[in-house]
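Structural characterization, general
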Amino acid sequence: QVQLVESGGGLVQPGGSLRLSCAGSGLLFSRYDLSWYRQAPGKERELVADIPFGGGSTNYADSVKGRFTISRDNAKNTMYLQMNSLKPEETAVYYCRGRNWYTGTSYWGQGTQVTVSS
């Protein structure tokens, strides 16, 4: 059974930092393009960052460029999102997604809440 489990969310003050993790089981991480999405209340889910199955070239939403860093450790079947200089408007549930680069099959985690507030 494939599972993606996010962790690391919580309450942080504006300007603070958090590191999210996404741990996978039941799948070979190295065959998956990985992404972080977020969904704020009343808004659509949006792509935050992604990293291809082989690592290398990463992609970020304009709003997070220079502040967020996506990375992966295929040996640990884990992906990370380092978030710095967080803003209140980035309060959302953050989800990880894995998409098999060959078959296109996607899996989602259950999400982790990030709240940026003083």
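Before reading further, recall that the structure is shown in the block above.
Residues numbered from 1 in each chain as written. Predicted model: local features only at pLDDT ≥ 70, side-chain atom pairs only at ≥ 80, totals over all residues. Heavy atoms only, no water.

Concerning the pattern of salt bridges
As a reminder of what qualifies: Any Lys or Arg side-chain nitrogen found within 4 Å of a carboxyl oxygen on Asp or Glu counts as a salt bridge. The buried label goes to any residue with under 20% of its type's maximum accessible area, the exposed label to any with over 50%, and the partly exposed label to all in between, with areas taken from a 1.4 Å probe on protein chains only.
With the rule as written, the count across this model stands at four salt bridges. A salt bridge links glutamate 46 to arginine 38; its shortest N-O distance comes to 2.6 Å. The salt bridge involving aspartate 62 is made with lysine 65; its shortest N-O contact spans 3.0 Å. Each member of the pair, aspartate 62 together with lysine 65, is exposed. Within the structure, one salt-bridge network assembled from shared partners comprises Arg38, Glu46, Arg67 and Glu90.

Let's talk about the sheet that holds strand β8 (residues 78–83)
Threshold: Pairing between strands is defined by DSSP: at least two bridges between the two strands are required. Only DSSP runs of H or I reaching four residues or more are called helices, and only runs of E reaching two or more are called strands; each is numbered from the N terminus. For helices, the axis comes from a line fit to the C-alpha atoms of the stretch in contact; other axes are also lines fit to C-alpha atoms, and the angle between any two N-to-C directions lies between 0 and 180 degrees.
Read across the sheet, four strands follow the order β1-β3-β8-β7 without closing on themselves; strand pairing throughout is antiparallel. In this open sheet, the two edge strands, each paired with only one partner strand, are β1 (3–7) and β7 (68–73). Here the strands of the sheet are splayed against their neighbours by 15° on average, with no regard to which way each runs. Summarising the sheet, β1 and strand β3 (residues 18–25) pair through five bridges and their orientation is antiparallel. When the sheet's bridge partners are listed, glutamate 6 is paired in β3 with cysteine 22.

Description of the packing of aromatic side chains
Which entries qualify depends on this criterion: Aromatic pairing here means that ring centres of Phe, Tyr or Trp (its six-membered ring) are within 6.5 Å. Orientation follows from the plane angle: under 30 degrees is stacked, over 60 is edge-to-face, and everything else is tilted. Comment: the charge-over-ring label is applied if NZ (Lys) or CZ (Arg) is within 6 Å of the ring centre and within 35 degrees of the ring normal.
In the structure shown here, the tally under the stated rule is five aromatic pairs. Ring centres 5.0 Å apart and planes at 15° place the aromatic pair phenylalanine 53 and tryptophan 101 in the stacked group. Residue phenylalanine 53 is located in the loop between β5 (46–51) and β6 (59–60), and its partner tryptophan 101 is located in the loop between β9 (92–100) and β10 (106–108); the two are separated by 48 residues in the primary sequence. When its relative accessible area of 33% is taken as the criterion, phenylalanine 53 is described as partly exposed. Geometrically, the ring pair formed by tryptophan 101 and tyrosine 102 is edge-to-face, given 5.6 Å between the ring centres and 65° between the ring planes. Through a chain of ring-to-ring contacts, three or more aromatic side chains come together here, namely Tyr37, Tyr95 and Trp108. One Lys or Arg, arginine 45, reaches over the ring of tryptophan 108 and ends 4.7 Å from the middle of that ring.

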